[in-house]
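Survey of secondary and tertiary structure
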Amino acid sequence: MSAEITTPVDPTPVDPTLVGTTATVAERGGVRVPWRFIGGRAAFYLFTAWAAITINFFLPRMMKGDAVDAYMARSQGQLPPEAEKALRALFGLDKSVPLWQQYFDYWGRLLHGDLGLSISTGMAPVGQAIASALPWTLGLVGVATVISFVVGTVLGAVIGWRRGGRLDALVPITTFMGTVPYFWLGLIFIAIFSTLLGWFPAGHAYEVGVDPGWNTAFVSEVVSHAALPVITIVIASIGGWVLGMRNMMLTVLDEDYITVAQAKGMPNRRVLWRYAARNAVLPQIQSFALALGFIVGGTIVMEMVFSYPGIGLLLLSATNAKDYALMQGIFLVLVLAVLIANILADIAYAILDPRTRQTEA
């Protein structure tokens, strides 16, 4: 007589609403850090950074002319020919040096934090010129991007949850505002809220004569001058977040675990934010990471309209002056910002959605 083989049964009940969802990890009491997934992504982005820096080196040298030629042309013959040779040696553009040697010299300076000198800013270090403009762009475009993402995502989740209701009328309105060019919307807002009503200043970061510093007068000036550009960017970009989140909510709400959660009698608020919105927000994270990365590049047209001293306006000035050292520095900061933002998005995506790291593994 053979003995019967019995399989031990786990007495712990399984919540069917958590099977196959991103809430599963949270319910199990902890989040496992996906080190293998992170390592693979980091290696990929290191290669991408090397390729971007290499292109950043060769691209200006493939263009006609350079910063030294432009500088000598502006001097109108006031500088001797010896000055051109000295400037080329200073900027690493000496044509007598092989290109491969210039490439390795560029990497050597880069690893030591030396981005070169900027002709268009009076021979100031490129790092100093970028550092003076970057905080203005981060404060303006960064705050506007975060506000538009949070408001648009929350609004899109609510509209998707209450599909067919009155809130659906906001979708075509916000989408239409997203099709309006930044500069046109900015000019309209300047005409209405600055010229006609006088509620906000028309441009610049603060009034002339105000001493910069952490004091009430300067902070209030900065906030009042940034209010209109922030409102313009939020209104022009919120439509994409609303539409994307609403469409994902409509897809998620048809899943079985949403039906089971509602059948169990869970409160609608918990089903909305714990299950539906948590899964629907995943594609938004990648888009938000890209938006955060491009914050560093700023909104050139918007900074031109409001005469805002950000990194976008600095890039435009460098391009007009053929200041390749400054252009390379700005492009480098932009590339690194995008790569770092995408790495953080991949990590957040892998933590929120275990299926991602399982697929990568």
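What you see is a predicted model, and the numbers here were worked out from it, not measured in a lab. (Residues numbered from 1 in each chain as written. Predicted model: local features only at pLDDT ≥ 70, side-chain atom pairs only at ≥ 80, totals over all residues. Heavy atoms only, no water.)

Details of the confidence of the model for the protein
Keep in mind that low pLDDT regions are not for reading the predicted coordinates in detail. Of all residues in the protein, 75% have pLDDT values of 70 or greater, and the mean over the chain is 75. In the model, residues 1-7 has pLDDT below 50 throughout and makes zero contacts with residues more than four positions away in sequence or in other chains. Here residues 14-29 is a poorly scored stretch, pLDDT under 50, and it has 38 contacts once near neighbours within four places are set aside; other chains count. (pLDDT = per-residue confidence, 0-100. Contact = heavy atoms within 4.5 Å.)

Considerations on the packing of aromatic side chains
Within the structure shown, the criterion is met by 14 aromatic pairs. Measuring from ring centre to ring centre gives 5.2 Å for Phe44 and Tyr45, while their planes differ by 65 degrees; the resulting arrangement is edge-to-face. Overall, Phe44 belongs to the partly exposed group, its relative accessible area being 44%. In this structure Tyr45 comes out as buried when scored by relative accessible area, which is 9%. For the pair Trp136 and Tyr308, a centre-to-centre distance of 6.1 Å together with 85 degrees between the ring planes defines the contact as edge-to-face. Here the residue Trp136 occupies a position in helix H6 (residues 126-161), and Tyr308 occupies one in the loop between helix H13 (300-305) and helix H14 (311-320), the gap between them amounting to 172 residues. Exposure class is identical for Trp136 and Tyr308. Each is buried. Among the aromatic residues, ring-to-ring pairing joins Phe57, Phe58, Tyr103, Phe104, Tyr106 and Trp107 into one connected group. (Phe/Tyr/Trp six-rings, centres within 6.5 Å; stacked < 30°, edge-to-face > 60°. Buried < 20%, exposed > 50% of the residue type's maximum accessible area, 1.4 Å probe, protein only. Helix = DSSP H or I, 4+ residues; strand = E, 2+ residues; numbered from the N terminus.)

So, the side chain of Thr174
Looking at the element boundaries, Thr174 is found in helix H7 (residues 170-179). Thr174 sits in the buried class, given a relative accessible area of 11%. In this structure Thr174 touches Ile238, Gly239 and Val242, once residues within four positions along its chain are discounted.

Here we look at the packing of H6 against helix H11 (residues 268-280)
Following both chains from N to C, one finds H6 and H11 inclined at 130 degrees, their axes separated by 11 Å at the closest point. Taken together, the axis directions place H6 and H11 in an arrangement best described as oblique. Relative to H11, the crossing made by H6 is right-handed. On H11, the residues touching Val154, Ala157, Val158 and Trp161 of H6 are Asn268, Val271, Leu272 and Trp273. Within the contact of H6 with H11, the residues separate by chemical class into seven nonpolar, one polar and no charged. (Axes fitted to C-alpha atoms, helices over the stretch in contact; angles between N-to-C directions. Parallel < 35°, antiparallel > 145°, perpendicular 65-115°, else oblique. Left-handed = near helix turned anticlockwise from the far one by under 90°. Nonpolar A, V, L, I, M, F, W, Y, C, P; charged D, E, K, R; others polar.)

As for the nonpolar core
Among the nonpolar cores identified, the biggest contains 21 residues, and Trp136, Leu140, Phe306 and Tyr308 are the most heavily contacted of them. Ignoring any residue separated from it by four or fewer positions in sequence, one finds Tyr308 in contact with Trp136, Leu140, His204, Ala205, Ala226, Glu303 and Leu313. Listed in part, the 17 residues of the second largest apolar core include Val271, Ala277, Ala280 and Val281. (Core = buried A, V, L, I, M, F, W, Y, C linked by side-chain atoms within 4.5 Å.)

Some remarks on helix H10 (residues 256-263)
The set of residues buried in H10 consists of Tyr257, Ile258 and Ala261. In an axial view of H10, the angular spread of the buried residues amounts to 105 degrees, which keeps them on one side of the axis. More than 90 degrees from the buried face of H10, the exposed residues found are Asp256 and Ala263. Where H10 is buried, its residues meet helix H9 (216-252) and H11. (Arc of directions from axis to C-beta.)

Considering the environment of Ala202
Secondary-structure assignment places Ala202 in the loop between helix H8 (182-196) and H9. As a C-alpha pair, Ala202 and Leu228 span 26 residues in sequence and 8.1 Å in three-dimensional space.

A word on the side chain of Thr232
By secondary structure assignment, the location of Thr232 is in helix H9. Residue Thr232 is classed as buried on the basis of its relative accessible area of 0%. Among the polar contacts made by the side chain of Thr232, one reaches the main-chain carbonyl oxygen of Leu228 at a distance of 2.8 Å. Apart from the residues within four sequence positions on either side, Thr232 is in contact with Tyr182, Leu185, Gly186, Phe189, Met302 and Phe306. (Polar contact = N/O pair within 3.5 Å; in protein donor to acceptor, adjacent residues only side chain to side chain.)

Notes on the packing of H6 against H9
The geometry of a pair of packed helices is captured by two quantities: the angle between their axes and the separation between those axes. Between H6 and H9, the shortest axis-to-axis distance is 5 Å and the interhelical angle comes to 35 degrees. At the point where H6 passes H9, the crossing takes the right-handed sense. When grouped by side-chain class, the residues that make up the contact of H6 with H9 number 24 nonpolar, six polar and one charged.

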